[in-house]
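Chain residues, written in single-letter form:
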Amino acid sequence: MPRDSREIPTLRMPYDDVPILHASAGVQRILALAYLLVWAWREHLSLSSLVRKAPQRRVVLIMDEVEAHLHPRWQRVIVPALMSTISELASAVSPQIHLATHSPMIMASAETVFDERSDDLHHLKLCGNDVKLEELPFQKRGKADLWLISEVFGLGQARSLPAEQAIEEAKTIQLTSRPDPENIKQIHQQLVRHLAGDDEFWPRWTFFAKEHGVRI
């Protein structure tokens, strides 16, 4: 069996030592980012010394899909960790970080570090064939599912699409003056199929069904 002659860094994990090449995509991404930040700054210090110039005091990091390959547990800490790491490169460095994400967990985690005096939230929106960049107010929402139904993500509900459609049908029939019991039964079947047994919509729906003589 051929052997690899390269020196490959190895991670000491709780279960075993793992060569970086065999680590998960999330672990590799975090390690690559950490290495890049430290390497880029050290190279800048070295080159500044060679040309006899003072090092720059601005660090700009642009990162797309910051949540890529990361477990939600890591998504909750990646943004604060990035900001802390860059600040620790040098005490006099003034960092500027641009992060793009599709993760509500990333948005929820940013609540702990977002500073209205220096930070902004922007939304890229497709309008026909054009892309519109709009600034949005940053509001703490507390939970990731509340970010999903905010203007940032624009979902009607933080559920599956069939569950959302079933609930919308249920809400529509609740607004009618004389709902058909058969329609109530059909909608109920869809709700049973797509909603969890402890979904918050059930009390409202079961009261409505019983009020109109439908046993469920």
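Shown above is the structure to which this text applies.
Notes on the structure in this doc start here. Being a predicted model, the structure only gives us computed values, none of them experimental.

## Details of the side chain of Gln 75
Phase 1: Within the secondary structure, Gln 75 is located in helix α2 (residues 72-75).
Phase 2: Residue class for Gln 75 comes out buried when judged on its relative accessible area of 10%.
Phase 3: Look past the residues within four positions of Gln 75 in its chain and what remains in contact with it is Glu 67, Leu 70, Ser 103, Met 105, Ile 106 and Ser 109.

## Thoughts on a nonpolar patch on the surface
Phase 1: On the surface, Leu 124, Leu 126, Val 131 and Leu 133 cluster together into a nonpolar patch covering about 470 Å² of accessible area.
Phase 2: If you list the elements that add at least two residues to the nonpolar patch, you get β5 (121-127) and β6 (130-136).
Phase 3: Position of Val 131 among the secondary structure elements: in strand β6.
Phase 4: The exposure class of Val 131 is exposed, given its relative accessible area of 59%.

## Concerning the pattern of salt bridges
Phase 1: Within this structure, the stated rule accounts for 7 salt bridges.
Phase 2: Notably, a salt bridge pairs Asp 145 with Lys 143, separated by 3.9 Å at the nearest N-O pair.
Phase 3: Residue Lys 185 pairs with Glu 182 through a salt bridge whose shortest N-O separation is 3.7 Å. Of this pair, Lys 185 and Glu 182 both sit in helix α7 (residues 181-194), 3 residues apart, roughly one helical turn.
Phase 4: The exposure class of Lys 185 is partly exposed, given its relative accessible area of 39%.
Phase 5: Several salt bridges converge on common partners, so that one network encompasses Arg 159, Asp 199 and Glu 200.

What counts as what
Residues numbered from 1 in each chain as written. Predicted model: local features only at pLDDT ≥ 70, side-chain atom pairs only at ≥ 80, totals over all residues. Heavy atoms only, no water. Helix = DSSP H or I, 4+ residues; strand = E, 2+ residues; numbered from the N terminus. Buried < 20%, exposed > 50% of the residue type's maximum accessible area, 1.4 Å probe, protein only. Contact = heavy atoms within 4.5 Å. Patch = residues over 30% accessible without salt bridge, like charges linked within 9 Å, V, L, I, M, F, W, Y side chains within 5 Å. Areas by Shrake-Rupley, 256 points an atom, 1.4 Å probe, with all protein chains shown as cover. Salt bridge = Lys/Arg side-chain N within 4 Å of Asp/Glu carboxyl O.

That is the geometry; function is a separate question.
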